[in-house]
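# Structure at a glance
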Amino acid sequence: MNKILALTAVLAIAGCTTTSDVYLKNGEQGLTIDCSGEANSWASCYEKADASCAGTGYRIVGTEGTPSLKESEKTLGQDVGNFKSRSVVVVCK
């Protein structure tokens, strides 16, 4: 039981980027990429998009999430205590 809890804690800290298929209103198939959490960044969304599209490139259809703080809004240079929600919808080329 302790091993399961330890593994769960490690995964929660490490963060995960998840991808799911989505169909747009115009019928195109796209990908929704969720890279929420403190351990991820917008860059991790775009890296996952590139990997998911197998190097063919992608077009960003939409983004949603918590914007990055300005340096003047950070506490000791860090964004402390704010859960980051980030998701990107892309269409592979």
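About the criteria used
As a convention, each chain's residues are numbered from 1 in the sequence order in which they are written. For a predicted model such as this one, the threshold for reporting local features is a pLDDT of at least 70, and the threshold for listing and counting side-chain atom pairs is 80 or more; totals across whole chains, interfaces and linings nevertheless cover every residue. The side-chain quantities take in all heavy atoms of the structure and omit both hydrogens and water. Counting from the N terminus, the helices are DSSP H or I runs at least four residues long and the strands are E runs at least two residues long. Throughout, exposure labels follow a simple rule: accessible area from a 1.4 Å probe, protein chains only, divided by the maximum for the residue type, with under 20% read as buried, over 50% as exposed, and the rest as partly exposed. In what follows, a contact means two residues having at least one pair of non-hydrogen atoms within 4.5 Å. A pair of strands is considered paired only if DSSP assigns at least 2 bridges between the two. Axes here mean lines fitted to C-alpha atoms, for a helix over just the part in contact, with angles spanning 0 to 180 degrees between N-to-C directions. Buried Ala, Val, Leu, Ile, Met, Phe, Trp, Tyr and Cys residues that are joined via side-chain atoms within 4.5 Å together make up what is termed a nonpolar core.

By the naming in an unreviewed UniProt entry, the protein is Lipoprotein, taken from Pseudomonas pergaminensis.

Okay, the overall build of the protein next. When its secondary structure is counted, the protein shows two helices and four strands. Each helix (α) and strand (β) of the protein, taken in turn from the N terminus, gives the series α-β-β-α-β-β. Each of the 93 residues in the protein was classed as buried or not, and the buried ones make up 22%. Partitioning the contacts of the protein with sequence separation of at least 6, the portion at a separation of at least 24 is 60%.

A few words now on the sheet that holds strand S3 (residues 58-65). Taken in spatial order, the four strands line up as S1-S2-S4-S3 in an open sheet, and their pairing is antiparallel. Two strands close off the open sheet at either side, each with one partner strand: strand S1 (18-23) and S3. Direction aside, the axes of adjacent strands within the sheet are offset by 25 degrees on average. In terms of strand pairing, S1 meets strand S2 (residues 29-34) through six bridges, oriented antiparallel. Counterpart to Thr18 in the pairing with S2 is Asp34.

Time to look at the pairing of S2. As consecutive antiparallel partners, S1 and S2 are separated by five residues, and within that stretch Gly27 has a phi angle of approximately 95 degrees, a positive value. By the bridge criterion, four bridges tie S2 to strand S4 (residues 86-92) in an arrangement that is antiparallel. Bridging across to S4, Asp34 finds its partner in Ser87.

This part takes up the nonpolar core. Grouped together as the largest cluster of nonpolar side chains are nine residues: Leu31, Ile33, Cys35, Trp42, Cys45, Ala49, Cys53, Val88 and Val90. Going through the elements one at a time, S2, helix H2 (42-52) and S4 are the ones with two or more residues in this core. Residue contributions to this core peak at three residues, all from H2.

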